[in-house]
Structure formats: structure tokens, C-alpha cells
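Overview (structure and organization)
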Amino acid sequence: MQGELAARTEWDYAPAPESREIVSIAPEYGLFIDGEFVPAADGRQFATVNPATEEPLAQVADAGDADVDRAVAAARTAYERVWGPMPGAERAKYLYRIARLLQERSREFAVLESLDNGKPISESRDVDIPLAAAHFFYHAGWADKLEHAGFGPSPRPIGVAGQVIPWNFPLLMAAWKLAPALAAGNTCVLKPAETTPLTALLLAEVCQQAGLPPGVLNVTTGAGPTGAALVAHPGVDKIAFTGSTEVGKEIQRAVAGTGKRLTLELGGKAANIVFDDAPVEGAVEGIVNGIYFNQGHVCCAGSRLLVQESVADAVLGRLRDRLGTLRLGDPLDKNTDIGAINSRQQLDKIRKLSDAGEAEGAERWSPPCQLPERGYWFPPTVFTGVSQSHRIAQEEIFGPVLSVLTFRTPDEAVAKANNTPYGLSAGVWTEKGSRILWMSQRLRAGVVWANTYNRFDPTSPFGGYRESGFGREGGRHGLAAYVNA
Ligand code: NDP
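In this report, the structure presented in the accompanying data block is examined. In this text the structure is predicted, and so the values were computed from the model without any measurement.

A few words now on helix α2 (residues 88–104). Relative to the 24 Å expected for 17 residues at 1.5 Å per residue, α2 spans 24 Å between its end C-alpha atoms, a close match to the ideal helical length. Listed in full, the buried residues belonging to α2 are Gly-88, Arg-91, Ala-92, Tyr-94, Leu-95, Ile-98, Ala-99, Leu-101 and Leu-102.

Taken in spatial order, the three strands line up as β1-β5-β4 in an open sheet, and their pairing is mixed. At either margin of the open sheet sits one strand with a lone partner, and together these are β1 (28–29) and β4 (45–50). Where β4 lies against strand β5 (residues 55–61), six bridges are found, and the strand directions are antiparallel. Its bridge partner being in β5, Val-49 is matched across the sheet by Pro-56. Lying over the sheet, helix α6 (residues 198–209) contacts β1, β4 and β5, oriented at roughly 55° with respect to β5.

Taken as a whole and judged by the stated rule, the model has zero disulfides. The thiol of Cys-207 is not disulfide-bonded; the next cysteine sulfur, from Cys-188, is found 9.5 Å away. Left unpaired, Cys-300 is separated from the closest cysteine sulfur, that of Cys-299, by 4.6 Å. Cys-300 gets classed as buried once you look at its relative accessible area, which sits at 1%.

We now examine the site of the ligand. Lining the immediate surroundings of the ligand are 28 residues, of which Ile-165, Trp-167, Ser-244, Gln-346 and Lys-349 lie closest. With respect to the ligand, the backbone of Glu-194 contributes an N or O atom lying 3.0 Å from an oxygen atom. Glu-396 is positioned such that a nitrogen or oxygen atom in its side chain is 3.2 Å from an oxygen atom of the ligand. The pocket occupied by the ligand, as judged from atoms lying within 2 Å of grid points, is the largest pocket. Elements supplying a minimum of two residues to the shell around the ligand: α7 (224–232), β10 (238–242), α8 (245–255) and α11 (344–359). A per-class count over the shell around the ligand returns 14 nonpolar, nine polar and five charged.

Rules of the game
Residues numbered from 1 in each chain as written. Predicted model: local features only at pLDDT ≥ 70, side-chain atom pairs only at ≥ 80, totals over all residues. Heavy atoms only, no water. Helix = DSSP H or I, 4+ residues; strand = E, 2+ residues; numbered from the N terminus. Expected span 1.5 Å × (residues − 1). Buried < 20%, exposed > 50% of the residue type's maximum accessible area, 1.4 Å probe, protein only. Pairing = 2+ DSSP bridges. Contact = heavy atoms within 4.5 Å. Axes fitted to C-alpha atoms, helices over the stretch in contact; angles between N-to-C directions. Disulfide = S-S within 2.5 Å. Near = heavy atom within 4 Å. Polar contact = N/O pair within 3.5 Å; in protein donor to acceptor, adjacent residues only side chain to side chain. 1 Å grid on protein atoms, 1.4 Å probe; cavity = no way out; pocket = protein on both sides within 12 Å on 5 of 7 lines; lining within 4 Å. Sits in = over half its atoms within 2 Å of the grid points. Nonpolar A, V, L, I, M, F, W, Y, C, P; charged D, E, K, R; others polar.

Dropping the structure here:
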């Protein structure tokens, strides 16, 4: 089903599909509560599908209020009796074990992630899974050093953490949330996204394999209402959420006045800013990585390209050539660059906003591209002639759609980059170090990448401000969200 993109030469890559034999997907999955897989109390289930083919993969338990209650109770008991009192050096051993098991079973995780999410196997294999393992390794190292981390002489865990994650990096977001929480001595109830529950459940199996005491990690699969029940549960001490700004606001309202700690990692509309002195080839790779990586399902995606007017034609010419070489199709093919859109609902949203872009007068371009007949697909797309008021310059599309604007001066670049309610990330491409510093002092973004884009590391804090949320994940700053100093 490999789609054909433009600029085909006389030869082509042969298909190189990764085998799915390494993964055995059960017909049904239970919730992971108190160290066991159990059905939902009312027996309800939902299907999770392969977005590249629309093939149902498995039936998954749909946690209701009673299940969330059980999971929180199990987490509380484990916190009070086992995990909270356990010395950090002992907790670290479990985290190291989980990290090593993730590495050992990385191929299985990568194939399962690509099947359930639609992302190319090259990304799940080279980015998602290794980074997830790295988060556990990194935080394992902190578990016995918390009193030296600058949180005061004897930092304490907070208690039970309720963690709600999205579908764009299912295992990686689970690792971002769980590793610091567990390292600091908290216990967790994790709510994965409805469309991508399978790797969180495999992670639960890995925790069993690592001998993690029952109740330390609980996974309550389900849809929005399951997340809402977890957020509202009085037995939860801290909520960590990654997802849309809209749901983030709902959660903030639900948590207000309860005394629960809260961190929110929400949407973005990042500017990727290319100056006239930037090396064009490198900048084009950064633009492609910024918005087409993971089908653009990235909160910090460089979805607005701000290019200096004097080099706009050259940069856009190179960009079009490069997009013509991207390969869209089977996520399990190792040569695939662009996989499937995660759900029908997300595809509809991308289509709607792209249509709005055209209706508002922007010019739409995609390389010639044959989309597979089944599944959810959207071609890499570039909009030029975009003005700041257009919806495609303001709203998070969360798909492979780039909006291009131009600027003449650094001041204008800053003004346009900051003209968004979000404040998560930005990119700057220039050969001048002084300009990078000048820009990063003025850009209202939690992360500014210079001459690179979408770089992640567990040691480096990540997070935003304004409508992109608050709190940091990763590094020492991320740990702070899980300790009482
Ligand atoms: P949501 O914000 O709805 O989902 C994120 C997580 O929250 C999921 O686990 C979801 O469950 C859960 N959830 C939904 N409603 C509630 C609630 N009321 N209380 C607690 N938890 C809840 O994102 P969507 O998946 O619906 O995507 C919608 C849009 O959000 C996307 O088009 C994209 O623009 C943006 N988005 C941004 C992300 C980011 O990292 N910035 C990540 C994901 C989406 P369930 O999956 O079952 O709905």
C-alpha cells in the first residue's frame, strides 16, 4: 500500500515491512489494577483499531467510576505500605529493571505502537521506545538522590498521581509521567488515550515482569469520562495531564479548590523561524522534521514557518523538492516517512481546518500523492499566502499541515511568532549565535531550538506557558512536580 509521492525517479525502494510476528495481540485486554489484569466492573469494552487499515486490533476494558475507585484505592495502599516508605535506592532498582526490559522488548513495543497509533516504524523504533527507556534510566538515577536535588533536605512524595495522556506518543507520554512520579515515591493511576491503549498495557505487563509491587502502577483504559473520573477522584493527590487546551481547561476547573497539585502540558502553534543567513538544506530538514514528524501529531510541532522574505522562494522551492521525496504509506514499512492519521476524528479535524485555510484565501499545495484506499491518511501539505488572522495560523491543526508566513526584520519575526495564545516551543535558524540569543530572550515559548527541531532528552525540562499549560516534564524541574519540598 506504499503511496506514490512526487518526483519519482526511474527506481524505487522495494517494500521493507517489519514483521508483526514479534507481537501477540490478545483479543481482549483488562484493566491493570493492583498488579492484576481484570475486566471492568460492568464488563464494558471498546475496540482499538489500526488506523492504517481500520482493522480492529483488540477489545479493551472501559473503566467506569467503580474501576477508577478500585485503582485509586490500590494506589493508596501501595503508597502507604510499600512504595512511599521504600528507600530510594530500592525504588531505583525497579525503575532500572523496567528500563532494561523496555530495551529488551523494544522491537515488540515499536511494532505494537505503530500498529495501534499509525506512526512509521522508523519513528517508534528510533524515537519513541528508546526515549521511553531513557526516561526510566534517567529517573532511576534520581530515586536515591532526591535530597541532593535542591528540593530541601528531605523531600517527600506527594501520594497518588492521576495521569491522563494523549495518543500521539502513547508509550513515551506514559514514561514521561510515570518515571519521575515513581522515582520520587508516588504511586500512579494512568489513563491512556482511547485510541492507543495497547503499549500502556504492555508496559503494565513489563512492570509485572519487573516485580513492581502491586498497586504501584495501575492502568485504567477508557475514554474521556474515565479521565474525568480520575481527575475528580478525591483520593488523588496530583493530576498530570497532556492533551488539548480545551480539556486542560476543564481539568483545571475540576481541580480548582481541591488542593490537588496540577501540571498541564497542552497544545501549541510553534513558529519555526528561518533567517536569510541560515543554511538552506539544514533549515529545510528542520522544517520537515518540525511539522511532518509523527504526521504533525506533536504538541510542539513547527506548524508555522516564518521565513525571511529575501530567501522565501529559495527555501520553499527546496522544501517542495524535499516533500516530493517523502514516502507515505504502510507504517510498518521501514522506508515510510509519513504514516497514518491516528483516528477518523482527527482526520476530520485536519480536513476541516485545511478547508478553512483555502476558504480564507491561503494557497494549498501537496506533492502528487496517492493515498491508500483504507485507513486514515492525509498528504503532507503546505499553505502559502497565509495571514496571521487565518485559522490555520492560529489554531492547532495537529496534522501534517504547514502554514507559511514571511517577515523582513527580526522584530517582525518575534512579533509574528508571539502572536498566538500558545507558548510551547519555537525554532530559530541562523548562523549567528548572537541572533539566536536575542531571539530566544524574546520568544514567548517554553522551549527554543536553535538550528535543530524536535529534540528531546530526559534531562531537559519541557513545557510551556499561557494556553500551552504550566509545569515542566523532564530534568530536575520535572521531578519538582512530584515532590513536597
Ligand atoms: P484530549 O485532550 O481530549 O485527550 C487527551 C486525554 O484526555 C485522552 O486520554 C482523553 O481520553 C482524555 N480526556 C478527554 N476528555 C477528558 C476529560 N473531560 N477529563 C479528563 N480526561 C479527558 O485530546 P483529543 O484526543 O480529543 O484530541 C483533540 C485535539 O487535541 C487534537 O486535535 C489536538 O489538536 C489536541 N491534542 C493536543 C495534544 C498535545 O499534546 N498538545 C495531544 C492530543 C491532542 P480519550 O482519548 O479517550 O478522549
